[in-house]
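Secondary and tertiary structure notes
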Amino acid sequence: MFRYLIYPTFFTGASTVFFLLISLDINSLISSLTSILALGSVVYFLEKLLPYDPNWNRNIGDLSADILHNLVNFLLIYLSFTSLKFFRSIIPLPSVWPENLPYFLQVLLAGLYVDFGMYWVHRLSHSFPFLWKLHSVHHSSERLYWLNGEKRHPIHAILEGSPGILLVLLLGASSEIVLGWLTILSLHLMFQHGNMDYKAGILKKFFSVAELHRWHHRKKYRETQVNYGAVFSFWDRMFGSLQKEEGFVTGAAVGLEREKSFPKDYLGQLTEPFR
Ligand SMILES: [Zn+2]
């Protein structure tokens with residue numbers, strides 16, 4: 001029962017903390033960072049308490065680079081928010097965005113657009129060689145744990161988020177709405193990659209949880225062409241890329257199928273796609 005309660009309890013709990021802080025008029029950046037750090041601490045503890053694969057809790061020389069990826073990508077999110085806020089204030093746009101809806105509903109609506117864009121950029125990144133090189137940084141992990149969610153080449157992170165974010169901004173959404181969704185996304189990515197043996201049950205129909213996403217990280221390139229969804233799994237069902245069979249076994253290899261090993265250091269990982 002505990003395994004089934006983990007995901008709904010802590011994902012909803014951390015999201016509620018974020019929305020609660022926003023409703024109390026706490027600065028958006030502080031609200032975002034607080035909910036992310038709170039959930040990060042819980043997930044870190046749960047990975048020790050209930051690991052999916054105990055071997056994935058061991059540092060295999062990847063920890064420092066993963067921490068740097070997280071710091072850089074969170075900085076990128078917060079810098080984008082600040083610059084979008086600035087541009088939004090100097091460029092007046094006609095708005096068709098339903099700004100009278102409650103904040104959390106606007107965030108959810110923006111999330112549908114952003115997640116749809118991310119699904120397609122992600123899927124195309126498994127077909128076009130240069131996009132795949134950039135995306136390989138994310139797939140280079142040889143274990144899955146909570147820090148993998150934000151382990152991305154910053155250029156690829158920008159490419160994945162941009163189509164949906166630009167669209168919702170053009171429709172008239174505020175940068176606070178975009179930051180709200182990017183916060184929910186970051187919270188979810190911890191569960192999607194987390195090394196916790198939790199079960200999502202029926203929620204798998206809607207959310208791209210670890211049980212689905214582990215398939216996507218298998219070592220054989222051919223076998224990674226499934227379960228592209230970032231937060232929602234229904235895109236995969238709609239567009240025929242869902243792998244929902246039970247059967248990813250503990251101990252199965254994840255990572256990249258290549259002869260030369262992938263650099264372990266942060267700068268090496270940033271420059272590898274251009275070699
Ligand atoms: Zn991928």
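Anything mentioned here points back to the structure above.
Chains are numbered independently. Their residues run from 1 in the order of the written sequence. Selection of residues for local features in this predicted model requires a pLDDT of at least 70, selection of side-chain atom pairs for listing and counting requires 80 or more, and totals for whole chains, interfaces and linings are taken over all residues.

Quick notes on the packing of helix H2 (residues 28-49) against helix H7 (residues 175-193)
To be explicit about the condition: To obtain each axis, a line is fitted to C-alpha atoms, and for helices this fit is confined to the stretch in contact; angles are then taken between N-to-C directions over 0 to 180 degrees. Secondary structure elements are defined from DSSP: runs of H or I of at least 4 residues count as helices, runs of E of at least 2 residues count as strands, and each element is numbered from the N terminus. Roughly parallel here means an angle under 35 degrees, roughly antiparallel means over 145, roughly perpendicular means 65 to 115, and every remaining angle is called oblique. Here contacts are defined at the residue level, using C-beta atoms placed from the backbone and a cut-off of 7 Å between them. Residue polarity follows a fixed list, in which Ala, Val, Leu, Ile, Met, Phe, Trp, Tyr, Cys and Pro are nonpolar, Asp, Glu, Lys and Arg are charged, and the others, Gly among them, are polar.
Look at H2 against H7: their axes get within 10 Å of each other, and the N-to-C directions meet at 5 degrees. If you check the angle between H2 and H7, you find them roughly parallel. Each of Ser-28, Ser-32, Ser-35, Ile-36, Leu-39, Gly-40 and Val-43 in H2 lies in contact with H7, whose residues at this interface are Glu-176, Leu-179, Thr-183, Ser-186, Leu-187 and Met-190. In the contact of H2 with H7, the residues fall into 6 nonpolar, 6 polar and 1 charged.

Some remarks on helix H3 (residues 63-90)
Heads up, the rule is: Here the expected span of a helix is defined as 1.5 Å times the quantity of residues minus one. Counting other C-beta atoms within 10 Å of a residue's own tells you its class, since 20 or more makes it buried, 12 or fewer makes it exposed, and anything in between is partly exposed; those C-beta atoms are placed from the backbone.
Over its 28 residues, H3 runs 41 Å from end to end, which matches the ideal 40 Å to within 8%, given 1.5 Å per residue. Every buried residue of H3 is accounted for by Ala-65, Asp-66, His-69, Asn-70, Ile-77 and Phe-81.

Regarding H7
In a regular helix each residue adds 1.5 Å, so 19 residues correspond to 27 Å; H7 covers 27 Å between its end C-alpha atoms and thus fits that length. The buried fraction of H7 is high, at 18 of 19 residues.

A closer look at the nonpolar core
Which entries qualify depends on this criterion: As used here, a nonpolar core is made of buried Ala, Val, Leu, Ile, Met, Phe, Trp, Tyr and Cys residues. They are joined through C-beta atoms within 7 Å.
Core analysis: the largest hydrophobic core is formed by 55 residues, its most contacted members being Tyr-7, Ala-110, Val-168, Val-178 and Trp-181. Looking at this core, the elements that each hand over two or more residues are helix H1 (2-23), H2, H3, helix H4 (103-125), helix H6 (154-171), H7 and helix H8 (210-216). The element best represented in this core is H7, accounting for 11 residues. The residues contacting Val-178, other than those within four sequence positions of it, are Phe-81, Leu-84, Ala-110, Ile-165, Val-168, Leu-169 and Ala-173.

Examining the packing of H4 against H7
The contact between H4 and H7 brings their axes to 8 Å, and the two run at 70 degrees. Taken together, the axis directions place H4 and H7 in an arrangement best described as roughly perpendicular. Across the interface between the two elements, Tyr-103, Gln-106, Val-107, Ala-110, Gly-111 and Val-114 from H4 touch Ile-177, Val-178, Gly-180, Trp-181 and Ile-184 from H7. Looking at side-chain class alone, the contact of H4 with H7 contains 8 nonpolar, 3 polar and no charged residues.

Some words on unusual backbone geometry
A positive phi angle, near 65 degrees, is found at Asp-25, a position not held by glycine. Tracing the chain through its elements places Asp-25 in the loop between H1 and H2. Within the chain, Asn-227 stands out as a residue other than glycine whose phi angle is a positive 50 degrees. Residue position: Asn-227 is located in the loop between H8 and helix H9 (234-238).

Remember that the coordinates give geometry; whether it matters functionally is a separate question.
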